[in-house]
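Overview (structure and organization)
Next come the chains, spelled out residue by residue.
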Amino acid sequence: MSEQSLKDKTAKGLLWGGISNGAQQLLNLIFGIFLARLLTPADYGMVGMLTIFSLIANALQESGFISALNQKSEATHRDFNAVFWFNVLCSIAIYIILYFCAPLIALWFRQPELTPLARLSFLTFVISSFGTSPRAYLFRNLRVKETAYMSFVALVVSGITGVTLACLGFAYWGIAIQSLTYCLCMTVTAWYFSGWRPTLHIDFSPLKGMLWFSSKLLITNIFTHINNNLFSLFFGRLYGEKMVGYYNQANKWTGMGYTTLTGMLWSVVQPVFARLADDSRERQCRAFRKMLRFTAFLSCPALFGLALIAPEFIVIAITDKWLPAARLMQVLCVGGAFMPVASVFSNFVIGRGRSDVYMWSTIALCLLQTLLLVLLHPFGVEAMVWAYVALNTLWIGVWYRYVRGMTGLRFIDMLKDLLPFVCLAAAAVIGGGAVAITLAGGTLVSLCIKIVVTAGIYLGALWLLKAAILRESLEYLLHKKK
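Cut-offs and rules
- One numbering rule holds for all chains: residues counted from 1, following each sequence as written.
- Side-chain atom pairs in this predicted model are given and counted only at pLDDT of 80 or more, local residue features only at pLDDT of at least 70, and totals for whole chains, interfaces and linings cover all residues.
- Water and hydrogen atoms were dropped before computing side-chain values, which therefore reflect all heavy atoms in the structure.
- Each helix is a run of DSSP H or I of at least 4 residues and each strand a run of E of at least 2, with the numbering of both proceeding from the N terminus.
- Only protein chains enter the calculation, and the probe is 1.4 Å; a residue is then buried if its accessible area is under 20% of its type maximum, exposed if over 50%, and partly exposed in between.
- Only heavy atoms matter for contacts: two residues are in contact if any of them lie within 4.5 Å across the pair.
- A 1.4 Å probe and the Shrake-Rupley method give the accessible areas. Residues count as covered only by the protein chains that appear here.
- A pairing counts as a salt bridge when a side-chain nitrogen of Lys or Arg comes within 4 Å of a carboxyl oxygen of Asp or Glu.
- Two axes define the bend at a residue: one fitted to the seven residues ending there, one fitted to the seven starting there, and the bend is the angle between them.
- Here, the term nonpolar core denotes a set of buried Ala, Val, Leu, Ile, Met, Phe, Trp, Tyr and Cys residues that are joined through side-chain atoms within 4.5 Å.
- Axis definition: a line fitted to C-alpha atoms, over the contacting stretch in the case of helices. Angles run 0 to 180 degrees between N-to-C directions.
- Roughly parallel covers angles under 35 degrees, roughly antiparallel covers those over 145, roughly perpendicular covers 65 to 115, and oblique covers all other angles.
- Two helices that cross are described as forming a left-handed crossing if the nearer one is turned anticlockwise from the farther one by less than a right angle, and a right-handed crossing if clockwise.
- Put simply, two rings from Phe, Tyr or Trp (the six-membered ring, in Trp's case) pair if the centres are within 6.5 Å, and we call them stacked under 30 degrees between planes, edge-to-face over 60, tilted for the rest.
- The disulfide criterion used throughout: a pair of cysteine sulfur atoms within 2.5 Å.
- Patches here are clusters of residues that have more than 30% relative accessible area and form no salt bridge, with a 9 Å joining cutoff for like charges and a 5 Å cutoff for nonpolar side chains (Val, Leu, Ile, Met, Phe, Trp, Tyr).
- Polar contacts here mean pairs of N or O atoms no more than 3.5 Å apart (in protein, one a potential hydrogen donor and the other a potential acceptor; neighbouring residues in sequence count only if both atoms are side-chain atoms).

What about the overall build of the protein chain?
Scanning the protein chain from terminus to terminus reveals 22 helices and zero strands. Across the 482 residues that make up the protein chain, the buried fraction comes to 54%. Look at the contacts in the protein chain between residues 6 or more apart in sequence, and 84% of them connect residues 24 or more apart. As presented, the protein chain carries roughly 20,900 Å² of accessible surface, and 69% of it is formed by carbon and sulfur atoms.

Side note on the pattern of salt bridges
The tally for this structure, following the rule as stated, stands at eight salt bridges. Residue E282 pairs with R286 through a salt bridge whose shortest N-O separation is 3.7 Å. Taken together, the positions of E282 and R286, both in helix α14 (residues 281-318) and four residues apart, correspond to about one turn of that helix. Where R289 meets D413, a salt bridge forms, and the shortest distance between an N and an O atom there is 3.9 Å.

Considerations on α14
Helix geometry: α14 is bent most strongly at I309, by close to 60°, with proline P311 lying one to four residues after it. Backbone geometry just downstream of α14 places T319 in the positive-phi region, at approximately 75°.

Details of the side chain of S446
When you line up the elements, S446 lands in helix α21 (residues 443-464). Excluding residues that lie within four positions of it along the chain, S446 makes contacts with E312 and A436.

A short note on the nonpolar core
Counting residues in hydrophobic clusters, the biggest one holds 129 residues, and the most contacted among them are M329 and F345. Ignoring any residue separated from it by four or fewer positions in sequence, one finds M329 in contact with A250, W253, T254, L306, A310, F313 and I314.

Section: the packing of α14 against helix α16 (residues 339-351)
For the pair α14 and α16, the least separation of the axes is 9 Å and the interaxial angle reads 160°. The orientation of α14 with respect to α16, classified from their angle, is roughly antiparallel. The element α14 and its partner α16 pack so that their crossing is right-handed. Only P340, V341, V344, F345 and F348 of α16 make contact with α14, whose side of the interface consists of Q284, F288, M291, L292, T295 and S299.

Quick word on the packing of helix α18 (residues 381-394) against helix α19 (residues 396-407)
For the pair α18 and α19, the least separation of the axes is 4 Å and the interaxial angle reads 15°. Between α18 and α19, the crossing angle belongs to the class labelled roughly parallel. On α19, the residues touching N392, T393 and L394 of α18 are I396, G397 and V398.

Overview of the packing of aromatic side chains
Counted by the stated rule, this structure contains 21 aromatic pairs. Ring centres of F84 and W191 lie 6.0 Å apart, and the angle between their planes is 65°; on these two criteria the pair is classed as edge-to-face. Note that F84 is positioned in helix α5 (residues 77-109) and W191 in helix α10 (residues 172-194), a separation of 107 residues in sequence. You can call F84 buried: its relative accessible area is 3%. On the basis of an interplanar angle of 70° and a centroid distance of 6.1 Å, the ring pair of F297 and F421 is categorised as edge-to-face. Of this pair, F297 sits in helix α14 while F421 sits in helix α20 (residues 411-439), placing them 124 residues apart in sequence.

Regarding the state of the cysteines
By the definition in use, this model includes zero disulfides. Between C300, a free cysteine, and C423, which holds the nearest cysteine sulfur, the sulfur-to-sulfur gap is 9.1 Å.

Topic: a nonpolar patch on the surface
A surface patch of nonpolar side chains, amounting to about 370 Å² of accessible area, comprises L26, I30, F34 and L38. Considering the arrangement of structural elements, one finds F34 in helix α1 (residues 3-38). When its relative accessible area of 47% is taken as the criterion, F34 is described as partly exposed.

What to know about the environment of T407
Residue position: T407 is located in helix α19. Sequence-distant contacts of T407, defined by excluding residues within four places in its chain, comprise R281, Q284, C285 and F348. Of note is the side chain of T407, whose polar atom sits 3.2 Å from the backbone nitrogen of L409.

Regarding unusual backbone geometry
Phi at R110 takes a positive value of approximately 60°, unusual for a residue other than glycine. Mapping R110 onto the fold places it in the loop between α5 and α6 (114-121). Positive phi, close to 55°, is recorded for A171, a residue that is not glycine. Mapped onto the elements of the fold, A171 is located in the loop between α9 (144-167) and α10.

In structure tokens form, the structure reads like this:
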């Protein structure tokens, strides 16, 4: 594929990925506000305590085969069909095990109501298993537009379902049914848009060629989910479902910020970097650095800005009953600014076929995170969250070490790509906060001042400095490519 062709396809993929994830987060914002106003922290906490088990089960049934199919030079119908039947049969087996383990999960959290809730919630990964191969087909062929349509339909239908059930008094049951509805819609639309259909001939032999790659992604995904949800697991045990609700609400709003970017990047970065694998190190390094700059250009102002407005946003959007979540949200947003950056590094490693590097790096990060949680839990929730943010941010240095070996990327060049946007975004946030304090208005006024001033300072500084990434982004959006 020529450099210009790849550049155009990447830009188009990023545009549609941005539209898709932006629309998703907007819908999540709207429905999330309604649900948070109708439900209590304890309701969210009940479902939040089960999240880690659902995610691990989902990772087991998917088993890394979406990325493995993308990695193959040629993927045939036999490959997709083998993955389909493996996912379906595996998910059914896992559900049966978890069905009988549900009372033990309820015993750990000292919440008997979790037994029936768990048995309902765990159906999500069974439903999702039927859509793994169709989604892999769309992902491999960079059909980002269709994926955007899928997400939009699923979010609208499931969001309306969740809000309706909350209004009818279903409490945490409504959240669980909302998740089931989302998975069902994603599966049905994946079948519709992909056009791919399984056959009844079950042959698992094509999986042998993918196991070396996919098994490492499977282990990695399990440890990633453990790392990302350790707090819910231990907060539920140590502090009860209400604290889990506060943390999950803070993590949810923060996640909306950086997931918009990581989702957009995930739909493009892996396939693009996989196709660059045979090109020169110089071209790979150029492509990687450009993606790195683009990510920092968006993620730093977005997440630092979200940290700045967290208290006002929480009070205005979901009422002051959730105010304890605001401080946790601010801490998580600081680390969230670097999540998309880390995602660029990790996706590059996967795109180059080094799932073993991805696996061992993630396992080490998870073990260190667990150790920090155990050591710091006597100091309270905020200390543990700060440690989590610091460790995950510093871990970019570990990812850099592997990327340097593949592309020859110099450390000073990485800093040149990242630090200008980090410093400008931080300065803009400080300026926006200072102006808001000086003018001292109500909650809504303060929110508006912070957003307008921070955005003005950041974009104005980039304009005065004649930043290439700003100019190129505007040119593409306005169809003025040179």
